[in-house]
Protein chains: 2
Amino acid sequence: MSLLENAAPAAAGDLDSAAFLAKLDAAKSAARVLATTNTAAKDAALEAIAQDLLACVDDIVAANAEDLARGRENGLSTGLLDRLTLTPQRVQGLADAVLDIVGIADPVGESVRGKTLPNGVHLEQVRVPFGVVGAIYEARPNVTVDIAALALKSGNVAVLRGGSAAERTNAVLVAVIQAALTRTGLPAASVQTIDEFGRPGAAALMRARGHVDLLVPRGSAQLIQTVVTESTVPVIETGAGVVHIVLDASAREDWAVDIVRNAKVQRPSVCNAVETLLVHADAAQRLLPPVLGALRAEGVTIHSDERALAIFPDAVPATEEDWETEYMSLDLAVRVVDDLDEAVEHIRRYSTSHTESIVTNDLANADRFLAEVDSAVVMVNASTRFTDGGEFGFGAEVGISTQKLHARGPMGLPELTSTKWLVRGSGQIRG
Amino acid sequence: MSLLENAAPAAAGDLDSAAFLAKLDAAKSAARVLATTNTAAKDAALEAIAQDLLACVDDIVAANAEDLARGRENGLSTGLLDRLTLTPQRVQGLADAVLDIVGIADPVGESVRGKTLPNGVHLEQVRVPFGVVGAIYEARPNVTVDIAALALKSGNVAVLRGGSAAERTNAVLVAVIQAALTRTGLPAASVQTIDEFGRPGAAALMRARGHVDLLVPRGSAQLIQTVVTESTVPVIETGAGVVHIVLDASAREDWAVDIVRNAKVQRPSVCNAVETLLVHADAAQRLLPPVLGALRAEGVTIHSDERALAIFPDAVPATEEDWETEYMSLDLAVRVVDDLDEAVEHIRRYSTSHTESIVTNDLANADRFLAEVDSAVVMVNASTRFTDGGEFGFGAEVGISTQKLHARGPMGLPELTSTKWLVRGSGQIRG
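Residues numbered from 1 in each chain as written. Chains lettered and ligands numbered in written order. Predicted model: local features only at pLDDT ≥ 70, side-chain atom pairs only at ≥ 80, totals over all residues. Heavy atoms only, no water.

**Student:** Could you give an account of the pattern of salt bridges, naming the residues involved and the relevant values?
**Tutor:** All names here are of chain B. Considering all chains together, one arrives at 52 salt bridges over all chains under this definition. In this structure, the salt-bridge partner of Asp-52 is Arg-183, at a minimum N-O distance of 2.4 Å. On the criterion of sequence distance, the pair formed by Asp-52 in helix α4 (residues 39-55) and Arg-183 in helix α9 (residues 167-183) is long-range, its members being 131 residues apart. Residue Asp-52 is classed as buried on the basis of its relative accessible area, which comes to 14%. Between Asp-258 and Arg-261 there is a salt bridge, with the nearest N and O atoms lying 3.5 Å from each other. (Salt bridge = Lys/Arg side-chain N within 4 Å of Asp/Glu carboxyl O. Helix = DSSP H or I, 4+ residues; strand = E, 2+ residues; numbered from the N terminus. Buried < 20%, exposed > 50% of the residue type's maximum accessible area, 1.4 Å probe, protein only.)

Structural data, given as structure tokens:
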């Protein structure tokens, strides 16, 4: 299947197709080498990458300063500029994250299941790398290093489209990584950027079925929606979190206060932060004043339905839009529900199926919530902030999958592998 | 996300959207019931379905006769007519296949992995149904029953688009299944056909992201290509098999003859039948005459490269097209290669990554073949016909995945499930 036939016509016109295809061909060749590279060799390359990131910190920060200056000229938001910024301390963090991945088990070759058939044929399903993994993201140079390192450890080639806002930084990061790969005897093409092809390159990457085995978008809901809609390459959707906490009638007050505050305030801009609080009517009088009082003390704006407003007036009225919103800020929507059914129904309607948690002391309600709420992560009496690859012990994460195919929830190294069946016989034929 | 926004404009114009959406809404409601239905209740429904298929055999065969008559008028090929035909004996086979699924372990609720974090938070990843599984296929009424039964056992709703050629047969089969579901207390909407919406219905199904969790196409390469290209719903690609057998220099003659003959002749029209034979130059003189002689005795047409033709002249010259062709008939392409590298390179270039097998007595070559060939199933000294859900012990199969995401190779019940993380805490927050 030709890449050019698949590329969107508008994009193909602007794309230097020969140069783009040469990169993907080099990626495929590198993938063959990585697929049979042993763990020790991959770990040695990761250690070299961590070392070189630290050795090149001045170059990285200088390139980043160019991106930041251009970003300020272009009026990038404070939040985006912050995400874009690499300080020497943050570069140290990147190197540490790479070293963390050295310590995580290599999933390649793991035997998933197997058996011997009555005729003596032995079946074994083992984990293998996908091959070439693409990533499309925006203004997040840390993702360049995280995905490169996770892909390498799992035997995959990474083809990265990091966006124009971080182009200089990503170019230097990829150059540093490629030099470390070469020094340790692995193909430089194991980690590549296609930023130089601009948007036509991103469009072609999405249509490069047969050249790219998996595509992971990370970033805004709009970017993810575009990748999901436009791609013919298999995509894992990551992302958006309209996350709910339910305070059941039997909820302990101290747990309710601690969990809601932690989930809202600790890092409001991330996808596992809570956005909507649903409170059982029987507990609203008891729980809303301490829980919302603690949030107000932290500067949270409360968007309440009428019943919550009547109990805790230091809030603004909620509209339909509030239930649908991933604020990613110090805002929280609050609604009083008559029972667990109404809470579950609200979650079905508005959740993005990322994470929901219930605070309860009622065992039957806890079990019902775990069974009936269809989200990637469903919790009882814990902060939604625990939905995180690091917290789950996966090391740096590729993203948090909010879809059901292949991976769901925080994605670690096993989620970057496929499987194949090895069948060993001694002349058997089918009867 | 509204279905109508997503539907292809051309299709939306012809579609009775309200009726179509009502079916998908009913599917989603049924999926909630099935997700918490226990194994015994699902097995009881399967037993009722098997019973009713046998009780209604006359209705089924009569409806099938209408489809067959129309098919003959429309000039359907003999092969398609055969696949379309349901005899009383084949209906018995369908009922038996449903009963087989009763005996297979229910994957729902299986604990995949889990651990307790140092802070006491317990994580458990369990299998859950996808929810609503769509299938698009052509003129294969057996697929209607197979997928309905597999979906039901794995807690999923099946929404079936079985194509116009089998419309009457499928309508009766689904009516029989729905009556059995109702009789055993499960929602009739657990198994539905959308055949009455025609092609616009199929197009809308492909764009029904948010309503349908997984779409499985089965049928011609063209149908699969269309579904892969057009769908925004996650798709598992099944299918095409340009399957290779390599005869290594050390191959035993008896195994080579038995395996190649079985793989080519037993059922040439299926995807796990061999299409290309690659023979090591050092063994060509020894192996080609007995292997190809046995095939000629079975009526196989041999399409040979020059070197093979020189050794075994009772053949026609192969062209480039032969290496790319899935014959699905009594034809075999044959090529002599200089070494294992050339064989692996040929497979990389022409294989559809379904199944490849090597006949060898050389351990190092066997290991190399298993490691370097990147196909769903890679075999040593066994017939490629073993790539089959039934042979693997999965019961009836949804299809054989030739892609790498989520499922690879024969798909059984676990492949029809997703997972979710259950997190149980006692007030923990993230530090």
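From this point, things continue past the structure.
**Student:** Hey, could you go over the interface of chain B and chain A for me, with residue numbers and the actual values?
**Tutor:** Contacts between the two partners involve 75 residues from chain B, matched on the other side by 74 residues from chain A. For the chain B face of the interface with chain A, the top three residues by lost area are Leu405(B), Trp421(B) and Arg430(B), together amounting to 14%. Arg430(A) serves as the salt-bridge partner of Asp388(B), at 3.8 Å between the closest nitrogen and oxygen. Counting across the interface, chain B meets chain A through 46 residue pairs in polar contact (both at pLDDT 80 or more). The element best represented in the side of chain B that touches chain A is strand β16 (residues 417-428) of chain B, accounting for eleven residues. (Contact = heavy atoms within 4.5 Å. Buried area = accessible area lost by both parts, 1.4 Å probe. Polar contact = N/O pair within 3.5 Å; in protein donor to acceptor, adjacent residues only side chain to side chain.)

**Student:** Lay out the side chain of Lys264(B) with the relevant residues and their values.
**Tutor:** All names here are of chain B. For Lys-264, the location among the structural elements is in helix α12 (residues 253-265). Under the relative-accessibility criterion, Lys-264 is labelled buried at 0%. At a separation of 3.0 Å, a polar atom in the side chain of Lys-264 contacts the side chain of Glu-275.

**Student:** Before we move on, can you summarise the side chain of Ser418(B) with the specific residues and values?
**Tutor:** Among the secondary structure elements, Ser418(B) is positioned in strand β16. Engagement of the side chain of Ser418(B) in a polar contact is seen with the backbone oxygen of Lys404(A), the distance being 2.9 Å.

**Student:** Which residues make up the nonpolar core, and what values go with them?
**Tutor:** Residues Leu53(A) and Leu53(B) are the most contacted members of the largest nonpolar core, which totals 152 residues. Those residues in contact with Leu53(A), other than ones at most four positions away along the chain, are Ile60(A), Val91(A), Leu94(A), Ala95(A), Val98(A), Val145(A), Leu173(A) and Val176(A). In this structure, Leu247(A), Ala251(A), Ala263(A) and Val336(A) belong to the second largest nonpolar core, which totals 31 residues. (Core = buried A, V, L, I, M, F, W, Y, C linked by side-chain atoms within 4.5 Å.)

**Student:** Outline the relation of the copies chain B and chain A, supporting the account with residue identities and numerical values.
**Tutor:** Overlaying chain B on chain A yields an RMSD of 0.0 Å, the required transformation being a rotation through 180° with an accompanying axial translation of 0.0 Å. Each copy turns onto its partner about a two-fold axis. Among all residues of chain B, the one whose C-alpha sits closest to the rotation axis is His406(B), at a distance of 1.9 Å. A share of 99% of interface residues in chain B that are also interface residues in chain A marks the association as one of identical surfaces. (Least-squares fit on C-alpha atoms with pLDDT ≥ 70 in both.)

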